[in-house]
Amino acid sequence: MTAAEEKELQLFAVKVREGILRSTHAAKSGHPGGSLSSTEYFTYLYNKEIRVDPKNPNDPIRDRFVLSKGHVAPGLYATLANRGFFPVEELLTLRHIGSRLQGHPNMNLTPGVDMSTGSLGQGISTAAGMAKGAKYLGKDINVYTLLGDGELAEGQVWEALMFSAHYKLDNLCIAVDVNGLQIDGATADVMNTAPIDAKFEAFGCAVISIDGHDYSALEEAFKAFHANKGTGKPTAILMKTVKGKDISFMENNAGWHGKAPNDDELARGLEELAAIRKQIEEA
């Protein structure tokens, strides 16, 4: 990745974070914390990795993405909007009656959404099924899915991993947003699932642990996923992240898991993002 390419990704991420703040503010509800911690993942996935076309979102031979932690839909929507799947202005209709952008992704409403999700654990199960279907049909289709670390407390996640390893789904790329916090507090206190890496390895995955805010690390992780093709192992990318990333008063604060910013908080957040944009542009 060149310095210019990384700069483009950084600027795109600022727009995604602005969309997250503006949409949850307009809805007066939503989940900004985990959306912000996942922003670099969404940014890299939709700009560099996944084979999708905003002009043809239902292409049958496209790659698939399943947002297993469906509550961070604001992050996915802001990414899709800035990639051209629908107008950026539509983000302000988040969770409104009649909007295509509901609180959790709806595949029947929203361009670019491949699966309706929200019940934790079910998204990765669907992704595994999609990957198995692609294998069965002999199609060169990769399936990507994003989980939260709190989601790992769901037993269905581990059943899906057993299925994925048993059927040698090396076209499945699983990412986990390891920000250490969930709605009730620290994941280590609510339900300690550590060591995550050893568990994923024990369930048959090729495991890569990275800084989830580092684009070079994301690039190498996805390269490793492609290199794993032919091994029969699903890939698991464990991303250490900061909940509420780049918004100072939201960072590492479990209270921002599912709370929208008020007028003053929106203004403060947008001011901080404007400063980050200026720093990127001047670098």
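Residues numbered from 1 in each chain as written. Predicted model: local features only at pLDDT ≥ 70, side-chain atom pairs only at ≥ 80, totals over all residues. Heavy atoms only, no water.

Visitor: Hey, could you run me through the packing of aromatic side chains in this one?
Guide: Two descriptors summarise a pair of aromatic rings, namely the distance from one centre to the other and the angle between the planes of the rings. On inspection of all chains with the given rule, the structure shows 13 aromatic pairs. Relative to Phe85, the ring of Tyr46 lies with its centre 6.5 Å away and its plane at 90 degrees, an arrangement referred to as edge-to-face. Of this pair, Tyr46 sits in helix α3 (residues 39–49) while Phe85 is found in the loop between α4 (73–82) and α5 (122–137), placing the two residues 39 residues apart along the sequence. The two residues Tyr46 and Phe85 agree in class, both being buried. With a centroid separation of 6.0 Å and 70 degrees between ring planes, the pair formed by Tyr144 and Phe222 is classed as edge-to-face. Placement of Tyr144 in strand β2 (residues 143–148) and of Phe222 in helix α9 (residues 215–227) is noted, with a sequence separation of 78 residues between them. You can call Phe222 buried: its relative accessible area is 1%. Joined through ring pairs, the aromatic side chains of Tyr41, Phe42, Tyr44, Tyr46, Phe65, Phe85, Tyr144, Phe222 and Phe225 make up one cluster. Sitting above the plane of the Trp256 ring, Lys259 keeps its charged end 4.2 Å from the centroid. (Phe/Tyr/Trp six-rings, centres within 6.5 Å; stacked < 30°, edge-to-face > 60°. Helix = DSSP H or I, 4+ residues; strand = E, 2+ residues; numbered from the N terminus. Buried < 20%, exposed > 50% of the residue type's maximum accessible area, 1.4 Å probe, protein only. Lys NZ or Arg CZ within 6 Å of the ring centre and 35° of its normal.)

Visitor: Explanation requested: the layout of surface pockets in the structure shown.
Guide: The calculated volume of the largest pocket comes to roughly 290 Å³. As for the largest pocket, its lining consists of 20 residues, and the residues nearest its centre are His71, Leu120, Gln182, Ile183 and His257. Across the lining of the largest pocket, the residue classes break down as 7 nonpolar, 8 polar and 5 charged. (1 Å grid on protein atoms, 1.4 Å probe; cavity = no way out; pocket = protein on both sides within 12 Å on 5 of 7 lines; lining within 4 Å. Points joined across faces, edges and corners; volume = space filled by probe spheres on them. Nonpolar A, V, L, I, M, F, W, Y, C, P; charged D, E, K, R; others polar.)

Visitor: It is not clear to me how the sheet that holds strand β6 (residues 206–211) should be interpreted in this structure. Could you clarify?
Guide: In a beta sheet, neighbouring strands are held together by backbone hydrogen bonds and run either parallel or antiparallel to one another. In spatial order, the strands read β1-β2-β3-β7-β6; together these 5 strands make up an open sheet with parallel pairing. Every other strand in the sheet has two partners, leaving β1 (64–67) and β6 as the edge strands with one partner each. This sheet shows a mean twist of 20 degrees between the axes of neighbouring strands, independent of strand direction. One ladder, built from 4 bridges, connects β1 with β2; its direction is parallel. Paired with Arg64 across the strands is Val143, a residue of β2. (Pairing = 2+ DSSP bridges. Axes fitted to C-alpha atoms, helices over the stretch in contact; angles between N-to-C directions.)

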